[in-house]
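Chain by chain, the residues run as shown.
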Amino acid sequence: MTIKLNGSSSGSVAISAPANTAGGADRTLTLPDKTATISPRMVLERFLTPCDGSTIATANGNITVGTVTGVQLLTETHADVTGSSITYTPPTGTTQVIYEFHFFNGGTDASSLQYTKLMLAGVEVTNARRSFYNVNDYDNSTNNCITWAFNIGGSAVAATGRVASWTSGKEIKIMSREHTSSMEAKIHECRYWDGSDSPYFAQPLIGITAIG
């Protein structure tokens, strides 16, 4: 038996019963008597990738992420963190852009202290300032993730990264420095592996989630 629903102008959708059921038993399909609730906020676009030069297809064109192949030694002056920069245009209807950057940091002195600041279109998001402190272990390394949500709409607020609108490419990146030359810091390298003291390269990851 088939139930056929005809479209108002053309085409149709048919619902057909199976030729038989298990054991020949009658089956009853009951439709729910309610309207599904759909959240007004949903993921419009999302990606997370190693910083290996990959090209990511997005709603507003391709993005090629940075390539990181080795350790970055910091100085006492803020510099771009390799791999952290991305220029992004969100899909139409986006109300929030979530940025994330996963990396390892450590030092070459008994203690290391690293400062990071988040930049959006050349302006610092001051509420996103972070510091990372490793103590009592030469060349210690720690897995870190900097995540921040940029809200879209209303009045712009530099301290939180809120923007009134976001319809063209804006660069997001992290800048970093070490505290002093006696508390030297580095990024993208781990110290121990497989039971031995054997430093190795730790590739960072970068990602974007657009919420609408």
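All values reported here derive from a predicted model rather than from experimental measurement.

Draft legend 1. The arrangement of the overall build of the protein chain in detail. A count of helical and extended segments in the protein chain gives 0 helices and 17 strands. Its C-alpha atoms give the protein chain a radius of gyration of 25 Å, more than 25% over the compact-globule value 17 Å for 212 residues. Seen through its principal axes, the protein chain has C-alpha atoms that stretch 80 × 50 × 30 Å. The buried share of the protein chain, reckoned over its 212 residues, is 35%. Considering only intrachain contacts with a sequence separation of at least 6, the fraction spanning at least 24 residues in the protein chain is 71%. Approximately 12300 Å² of the protein chain is accessible, and the part contributed by carbon and sulfur atoms is 52%. Across the protein chain, the 14 positively charged side chains and the 17 negatively charged ones have centroids separated by 13 Å.

Draft legend 2. Expanded view of the side chain of Lys186. Of note, Lys186 is situated in strand S14 (residues 185-187). At 2.4 Å, the side chain of Lys186 forms a polar contact with the side chain of Glu189.

Draft legend 3. Fine view of the nonpolar core. Membership of the largest hydrophobic core comes to 32 residues, with the highest contact counts inside it found for Ile86, Tyr99, Leu118, Phe150 and Ile172. Of all the secondary-structure elements, those providing two or more residues to this core are strand S8 (86-88), strand S9 (96-107), strand S10 (112-120), strand S11 (123-134), strand S12 (141-151), strand S13 (170-178), S14 and strand S17 (205-211). With 4 residues, S9 is the largest single contributor of residues to this core. Those residues within four positions of Ile86 in sequence are excluded, and the remaining contacts are Phe47, Ile63, Val65, Tyr99, Lys170, Glu171, Ile172, Ile206 and Ile208.

Draft legend 4. Spotlight on the pairing of S11. Pairing geometry for S10 and S11, over 8 bridges, is antiparallel. Paired with Gln114 across the bridge in S11 is Phe132. With antiparallel pairing between neighbouring strands as the criterion, S10 and S11 make up a hairpin whose turn holds 2 residues, including Ala121 at a positive phi of roughly 55°.

Draft legend 5. Representation of the pattern of salt bridges within the structure. Using the criterion set out here, one finds 4 salt bridges in the structure. Of the charged contacts in the structure, one is a salt bridge between Arg46 and Glu100, with a shortest N-O distance of 3.4 Å. Here Arg46 is found in strand S3 (residues 43-50), whereas its partner Glu100 is found in strand S9, with 54 residues between them in sequence. Judged by its relative accessible area of 12%, Glu100 is buried. Between Asp80 and Lys173 there is a salt bridge, with the nearest N and O atoms lying 3.1 Å from each other. Residue Asp80 is found in strand S7 (residues 79-80), and its partner Lys173 is found in strand S13; the two are separated by 93 residues along the sequence.

Draft legend 6. Main features of the packing of aromatic side chains. Counting across every chain of the model gives 5 aromatic pairs. Seen from their ring centres, Phe47 and Tyr88 are 6.4 Å apart, and the 65° between their planes marks the pair as edge-to-face. Of this pair, Phe47 sits in strand S3 while Tyr88 sits in strand S8, placing them 41 residues apart in sequence. For Tyr88, a relative accessible area of 1% corresponds to the buried category.

Conventions used here
- Residues numbered from 1 in each chain as written.
- Predicted model: local features only at pLDDT ≥ 70, side-chain atom pairs only at ≥ 80, totals over all residues.
- Heavy atoms only, no water.
- Helix = DSSP H or I, 4+ residues; strand = E, 2+ residues; numbered from the N terminus.
- Rg over C-alpha atoms; globule rule 2.2 N^0.38 Å.
- Buried < 20%, exposed > 50% of the residue type's maximum accessible area, 1.4 Å probe, protein only.
- Contact = heavy atoms within 4.5 Å.
- Areas by Shrake-Rupley, 256 points an atom, 1.4 Å probe, with all protein chains shown as cover.
- Lys, Arg positive; Asp, Glu negative; His and termini not counted.
- Charge placed at Lys NZ, Arg CZ, Asp CG, Glu CD.
- Polar contact = N/O pair within 3.5 Å; in protein donor to acceptor, adjacent residues only side chain to side chain.
- Core = buried A, V, L, I, M, F, W, Y, C linked by side-chain atoms within 4.5 Å.
- Pairing = 2+ DSSP bridges.
- Salt bridge = Lys/Arg side-chain N within 4 Å of Asp/Glu carboxyl O.
- Phe/Tyr/Trp six-rings, centres within 6.5 Å; stacked < 30°, edge-to-face > 60°.

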